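Chain by chain, the residues:
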Amino acid sequence: MRLYNTLTRQREDFVPADGRLVRMYACGLTVYARGHIGNFRTFISLDVLRRALKYVAGFDVKQVVNFTDVDDKTIAGAEREGVPLGEYTARYIAAFHEDCSALGLEPSEENPRATDPANIQAMSDMIATLERKGHTYRSDGSIYFKIATMPDYGRLARLDHEGILAGARVDSDEYDKEDARDFVLWKATKPGEPTWDAGVGPGRPGWHIECSAMALRLLGEAPIDIHAGGIDLIFPHHENEIAQSECATGKPFARTWVHFEHLLVENQKMSKSLGNVYTLPDVVSRGFRVSTLRYLLLSAHYRSRLNFTWAGMAQAEEAIRRWTDFLARLDTITGGEAHAAVAEAVGAARTAFDGAMADDLNTAAALGEVFELVRALNTAADAGGLGAADVAVVRAAFAHFDDVIGVVSLRRREDASAGLSEADIERYMHDRQEARRRRDFAAADRIRAELLELGVILEDGPQGTRWKRK
RNA sequence: GGCGCCGUAGCCAAGUGGUAAGGCAGAGGUCUGCAAAACCUCCAUCCCCGGUUCAAAUCCGGGCGGCGCCUCCA
């Protein structure tokens, strides 16, 4: 498995430190709103990374994805609605889990919340260590990390120490910092805000400390194998995580840093003012399936910007159909021996697919391999070169592709929970078949149109009529 | 001011030195009661200009055009 490491700006061979278990952390959501499709591009990419590590590279994975459930926005949101912070954030945590399930994401091994007592304790302990080692100072009730104490600060983002602030905007109300680059580890709380004291005094967590503390608490000794997140987190979030963790432990924090590019919507940055911040329910209300979004977001490489459009969704939908139509065709193959050419083509496609995935998660190329195989096997089937005895290897290969891509299995779940029952469909089809036998094509077409209204498409073929869901 | 990215067919998108994967859309054909599905054929010389090389979409330089980060935004 080769992965692009932001730390070195190169693709590197990746193997977990112990050769078997990948210990991976990713920055999750700040739960002040429902996740949008941009967030989910990150989490879908993360899911594919996880699946590739497991099903292509054969590693085990322990994945931790956190919830930031205390910060300015969550506190403000809870206050605005007059509910306790925990109740406010619980809603969005529940929505996140719902959305992840709808997208077919494999669950993380751990989803820690910053406010869990064990995590607060871990943060406090880490801050105490940093204080002991002289990396901090206190000011107005807050504890800051002193960047001047870390000579190679800025390695990840490739920041130039001298030029770091020239021309950049600086947050003017952070007047109590000694150096504008310093960042807060533990924030003094205002009256009425939630507060904790686990040893370093009353306050609440700074953003960056959460991830450092939770990652090391749940994944064990530094360095962890992979730390991932959205590309916007490189600076300052991940840079600061590195500073804290490395100064506290004296060891590198993460061996490989993986960053996912952003999603644009109609070529623009998502923003509330443009009204283009879409959530999963928005996608569904536009008549699209969530599985289609998953496919679309995997059709481009994770490190390139992807422009979301509704036209793109329609194209993605058609592409998936080509895949699922082929699988449905396998059901109609009833007789025939195995063909060496089929096994050979399938084997080559599997190798190529795995190769693409192992090459820094090249999902676009991997999908290309899937469709090339679809065409080859359709051609073979048309020529009578695909027998029932071939079907098992073919199915196994496509199941493997979907172990990683995760779209077809998701569709099946969607189909199973939607629309007419299969028995109902069979009844309609029987009636239509009768009409066709009478050569009453008007009646037959009427039934077909009716089913289409109900979301079921019929296709007549030599082996009889096939149905599929719209 | 600093750091960095991108520009491949109507649309989406692989490709990182050897004469352009794949998907969608489109055209023609085969099949079919019709439709759909499927198959076949067709549809690009890679933003521009130089350079390196036997050979460049791929490397270097210069343009032009998009864009990101340097603000607790995935």
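Only a predicted model underlies this, so the values are computations on that prediction, with no experimental measurement involved. Every chain is numbered on its own, with residues counted from 1 as its sequence reads. Each chain gets a letter, beginning with A, and each ligand a number, beginning with 1, in the order they are written. Reporting of local features is limited, given that this is a predicted model, to residues whose pLDDT is at least 70; pairs of side-chain atoms are given and counted only at 80 or more, and all residues count toward the totals for whole chains, interfaces and linings. No hydrogens and no water enter the side-chain calculation; it runs on all heavy atoms of the structure.

Backbone hydrogen bonds are what pair the strands of a sheet, in a parallel or an antiparallel way. Pairing is parallel in the open sheet, where four strands are placed in the order β4-β3-β9-β10. What marks the edges here is a single partner per strand, and that holds for β4 (60-65) and β10 (254-260). Recorded for the sheet is a direction-independent mean angle of 20° between the axes of neighbouring strands. Being paired, for any two strands, means DSSP has found at least two bridges between them. Every helix listed is a DSSP run of H or I at least four residues long, and every strand listed is a run of E at least two residues long, numbered separately from the N terminus. Strand direction decides the pairing type here: strand β9 (residues 224-230) and β10, joined by six bridges, are parallel. Residue I226 lies in a different strand from β10, and its bridge partner there is T256. We call two residues contacting when some pair of their heavy atoms lies within 4.5 Å. Axis definition: a line fitted to C-alpha atoms, over the contacting stretch in the case of helices. Angles run 0 to 180 degrees between N-to-C directions. Contacts from helix α1 (residues 37-56) reach β3 (21-26), β4, β9 and β10 within the one sheet, and its direction differs from that of β4 by about 160°.

Here, expected helix span is obtained from the residue count minus one, scaled by 1.5 Å. With 16 residues, helix α14 (residues 422-437) extends 22 Å from end C-alpha to end C-alpha; this agrees with the ideal 22 Å at 1.5 Å per step. Partly exposed residues are those whose accessible area sits between 20% and 50% of the maximum for their type, while under 20% is buried and over 50% is exposed, using a 1.4 Å probe and protein chains only. Buried within α14 we find I425, M429, R432 and A435. Viewed end-on, α14 has its buried residues packed into an arc of 115°, placing them on one side of the element. Those residues of α14 that are exposed and aimed more than 90 degrees away from the buried face are R427 and R437. In this structure, the buried side of α14 is in contact with α15 (441-453), β13 (456-461) and β14 (464-469). To obtain the arc, one takes the directions from the helix axis to the C-beta atoms.

Taken together, the four bridges between strand β1 (residues 2-5) and strand β2 (residues 10-13) define a ladder with antiparallel strand orientation. Note on β2: the bridge partner recorded for Y4 is R11.

Put simply, A222 and P223 share a cis peptide bond, and its omega is 0°. Relative to the helices and strands, P223 is located in the loop between α5 (207-219) and β9. Following F235, the chain continues to P236 via a peptide bond in cis, the omega torsion being 0°. Position of P236 relative to the elements: it lies in helix α6 (residues 234-249). In this structure, R9 is a non-glycine residue whose phi angle is positive, near 60°. Checked against the element boundaries, R9 lands in the loop between β1 and β2. Phi at E266 is positive, roughly 50°, even though this residue is not glycine. As for its position among the elements, E266 is in the loop between β11 (263-265) and α7 (280-285).

Here we take up the environment of Y137. Looking at the element boundaries, Y137 is found in strand β5 (residues 136-139). Put simply, Y137 and D325 are 188 residues apart on the chain and 64 Å apart in space, counted from C-alpha to C-alpha. Identification of polar contacts relies on pairs of N or O atoms within 3.5 Å, with a donor-acceptor requirement for protein atoms, meaning one able to donate a hydrogen and the other able to accept it, and with residues adjacent in sequence counted only if both atoms are side-chain atoms. At 2.8 Å, the side chain of Y137 forms a polar contact with the side chain of D182.

Looking now at the packing of aromatic side chains. Pairing of aromatic side chains requires ring centres within 6.5 Å, counting the rings of Phe and Tyr and the six-membered ring of Trp. Pairs whose planes differ by under 30 degrees are stacked, by over 60 edge-to-face, and all others tilted. This structure, assessed with the given rule, holds 19 aromatic pairs. Consider the rings of F308 and W310, whose centres lie 5.0 Å apart with planes at 85°: the pair is edge-to-face. Taking the relative accessible area as the measure of exposure, F308 reaches 0% and is therefore buried. Relative to F401, the ring of F353 has its centre 4.6 Å away and its plane inclined at 40°; by these criteria the two rings are tilted. Taken together, the residues F353 in helix α10 (residues 340-358) and F401 in helix α12 (residues 391-405) connect sequence positions 48 residues apart. In this pair, the class of F353 matches that of F401, namely buried. In this scheme, the term charge over a ring applies when either NZ of a lysine or CZ of an arginine sits within 6 Å of the ring centre and within 35 degrees of the ring normal. Of note, R303 hangs over the ring of Y4, and the distance from its end group to the ring centre comes to 4.0 Å. A cation over a ring is seen here: R303 above Y302, with NZ or CZ 5.9 Å from the ring centre.

Moving on, we come to the sheet that holds strand β8 (residues 204-205). Spatially, β5-β6-β7-β8 is the arrangement adopted by the four strands of the open sheet, whose pairing is antiparallel. In this open sheet, the two strands that pair with only one neighbour each are β5 and β8. Sheet topology places strand β7 (residues 183-187) next to β8; two bridges connect them, and they run antiparallel. The residue bridging K187 from the neighbouring strand is R204, located in β8. Each of β5, β6 (142-145), β7 and β8 touches helix α4 (residues 117-132); the most contacted strand, β7, lies at about 125° to it. The sheet strands contacting α6 are β6 and β7, and the helix crosses β7 at an angle near 70°.

Attention now goes to the packing of helix α9 (residues 310-331) against helix α11 (residues 363-382). Taken N-terminus to C-terminus, the directions of α9 and α11 make an angle of 40°; their axes are 10 Å apart at the nearest point. Taken together, α9 and α11 sit at an angle that is classed as oblique. For the pair α9 and α11, the crossing hand works out as left-handed. Along its contact with α9, which presents A319, R322, W323, F326 and R329, the element α11 presents L367, V370, F371, V374, R375, L377, N378, A381 and D382. Three residue categories are used. Nonpolar comprises Ala, Val, Leu, Ile, Met, Phe, Trp, Tyr, Cys and Pro, charged comprises Asp, Glu, Lys and Arg, and polar comprises the others, including Gly. Per-class residue counts for the contact of α9 with α11 are nine nonpolar, one polar and four charged. Relative orientations are named as follows: roughly parallel for angles under 35 degrees, roughly antiparallel for angles over 145 degrees, roughly perpendicular for angles from 65 to 115 degrees, and oblique for any other angle. Less than a right angle of anticlockwise turn of the near helix away from the far helix marks a crossing as left-handed, whereas a clockwise turn marks it as right-handed.

These figures capture arrangement, not role.
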